[in-house]
Amino acid sequence: MDFISLFDLNHRVRQVLKEQFAEPLWIAAEIASVLENRSGHCYLELVDKHAGEENPVAVAKGTIWSFTYRMLKPYFETTTGRHLEKGMKVLIQAEVVFHELYGFSLNIKDIDPTFTIGDIERKRREIIGHLEEEGIIDMNRNLELPLLPKNVAVISSPTAAGLGDFLDQLQNNSYGYKFHVKLFPAVMQGERTTESVIAALDRIYEYEELFDVVVIIRGGGAQADLGSFDTYDMAANVAQFPLPVIAGIGHERDETIVDRVAFVRVKTPTAAAAFLIERFQEFEVRLEELKEDFLAEANDLIVREKNRQQVLAVDLKSMTQQMLDSHTNRLRLYSHKSEQAARLFVLNHRGKFGAICARLKNRVEQGFNRSSSAMQGYAERIKRQCEVRFEKDRHVLELAETKVKYVDPKNVLERGYSITRLNGKAVRSAKDVKAGDVLETLLADGQVRSVAE
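Presented here is an overview of the structure given in this document.

Scoring rules and cut-offs
Residues numbered from 1 in each chain as written. Predicted model: local features only at pLDDT ≥ 70, side-chain atom pairs only at ≥ 80, totals over all residues. Heavy atoms only, no water. Buried < 20%, exposed > 50% of the residue type's maximum accessible area, 1.4 Å probe, protein only. Helix = DSSP H or I, 4+ residues; strand = E, 2+ residues; numbered from the N terminus. Pairing = 2+ DSSP bridges. Salt bridge = Lys/Arg side-chain N within 4 Å of Asp/Glu carboxyl O. Polar contact = N/O pair within 3.5 Å; in protein donor to acceptor, adjacent residues only side chain to side chain. Contact = heavy atoms within 4.5 Å. Patch = residues over 30% accessible without salt bridge, like charges linked within 9 Å, V, L, I, M, F, W, Y side chains within 5 Å. Areas by Shrake-Rupley, 256 points an atom, 1.4 Å probe, with all protein chains shown as cover. Lys, Arg positive; Asp, Glu negative; His and termini not counted. Charge placed at Lys NZ, Arg CZ, Asp CG, Glu CD.

## Observations regarding the pairing of strand 8 (residues 213–217)
Regular strands place side chains that alternate from one sheet face to the opposite one.
Okay, step 1: Across the five residues of strand 8, five count as buried, placing the element largely inside the fold.
Okay, step 2: Here strand 8 shows no split at all, with Val 213, Val 215 and Ile 217 on one side and Val 214 and Ile 216 on the other all buried.
Okay, step 3: The pairing of strand 6 (residues 151–156) with strand 8 spans four bridges and is parallel. Looking at strand 8, one finds that Val 154 is bridged to Val 215.
Okay, step 4: In this structure, strand 8 lies alongside strand 9 (residues 245–248), joined through four bridges in parallel fashion. Directly across from Ile 217, in strand 9, lies its bridge partner Gly 248.

## Section: the pattern of salt bridges
Okay, step 1: One pass over the structure, following the stated rule, counts 20 salt bridges.
Okay, step 2: Between Arg 14 and Glu 100 there is a salt bridge, and its shortest N-O distance comes to 2.9 Å. Placement of Arg 14 in helix 1 (residues 6–20) and of Glu 100 in the loop between strand 4 (89–99) and strand 5 (103–112) is noted, with a sequence separation of 86 residues between them.
Okay, step 3: Each of the salt bridges in this network shares a partner with another, and the network as a whole consists of Arg 82, Glu 121, Arg 124, Arg 125 and Asp 230.

## Brief notes about the side chain of Asn 10
Okay, step 1: Within the secondary structure, Asn 10 sits in helix 1.
Okay, step 2: Polar contacts involving the side chain of Asn 10 include one to the main-chain carbonyl oxygen of Glu 100, which spans 2.9 Å.
Okay, step 3: When near neighbours in sequence (up to four residues on either side) are disregarded, Asn 10 contacts Phe 98 and Glu 100.

## Notes on a negative patch on the surface
Okay, step 1: A cluster of acidic side chains, namely Glu 284, Glu 288, Glu 292, Asp 293, Glu 297 and Asp 300, defines a negative patch on the protein surface.
Okay, step 2: The residue Glu 292 is located in helix 8 (residues 269–407) in this model.

## Structural notes on the side chain of Asn 107
Okay, step 1: Its place among the elements puts Asn 107 in strand 5.
Okay, step 2: Assessed through its relative accessible area of 12%, Asn 107 is described here as buried.
Okay, step 3: Among the polar contacts listed, one links the side chain of Asn 107 to the side chain of Trp 65, at a separation of 3.1 Å.
Okay, step 4: Beyond its immediate sequence surroundings of up to four residues, Asn 107 is in contact with Thr 63, Trp 65, Gln 93, Ala 94, Glu 95 and Val 97.

In structure tokens, the structure reads:
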């Protein structure tokens, strides 16, 4: 049986491929993975897929050696504004290489950035079209910004220079406006950007009622890192977020999809702070205008009311005078009629009044006579009772006087007794006195002071 070694087979394949593909080819493919090593080489895994399918129909390895990569990388990134990244369509010029040990690969010599730009733009249009079909592309733009957006949720890398500029501009504004800022850290470049920013939005959503606005800050990053802000997932989350989102991604070139769906897009983080400060200024100016309008309207109202009151006062005075004149005449007529009626009444009832007065006089005199007799009797009884009472009280007082004489301390002292006092109080026991106390002894004819030993 004839046979050849594996090396011979691979060597023949290498020779065939070398003869078949003597010159480099332009090949369109999609990047499945990218790896840069420390030596500066770049290793790509390239795939080809049928339209609308995810599974690849062809796979190949590609290598960009360091001396070539040093020239291709800055040119590609400057032209496209993107890094070489997973999912990107590229048009590469490559040598077809087959090595007996390492197998098939492509040695990449050049990359056409215009092809990638076209593919990026196509993807952007597809994503924007998808957002429009779902009816969510303008949802965030249609939100109403609070009059005073002072509670601000910020999504940014904690070390981003743009974050410091934003905070300094916002918190040290010359107008003295006060803002409350809460940072929600996120990765703002690289493959994890999309999931990190979405996770930050989810955390803010949990405390939605505490914030007025969300600011996404990415200041100072490379222009080529903007690809993450052109993804459908991030754009859809920003578009549907219930708070206004300000995109301060920090670039002046092409507008990203996140810029397109955000409530407002500003060029820099500092401009995002200025946008919030301007809202306060506009509110303050509006308040001042309302104040001036109110004062003007109030002054006009006062003038109008003053004029109206003056007219009403004149009318009231005239009406009052007319009413007074009318009622004066009426009162005079009533007075005359009352006077005539009173005179007629008195004349008709004069006889009756005389009889009534006589009867009243007799009754009053009779009552007075009865009362006088009764009062005299009361006076006699009270006099007798008072005399009896005075006699009893006099006897009681005499007994009390006799008792007082017997208990008077002066009489006791005259019988040879004495009273000893310490500090003005009578000493009743020897225990109440200690050596050195000054004692006062009260006798019938004087006092004696002594010191206790």
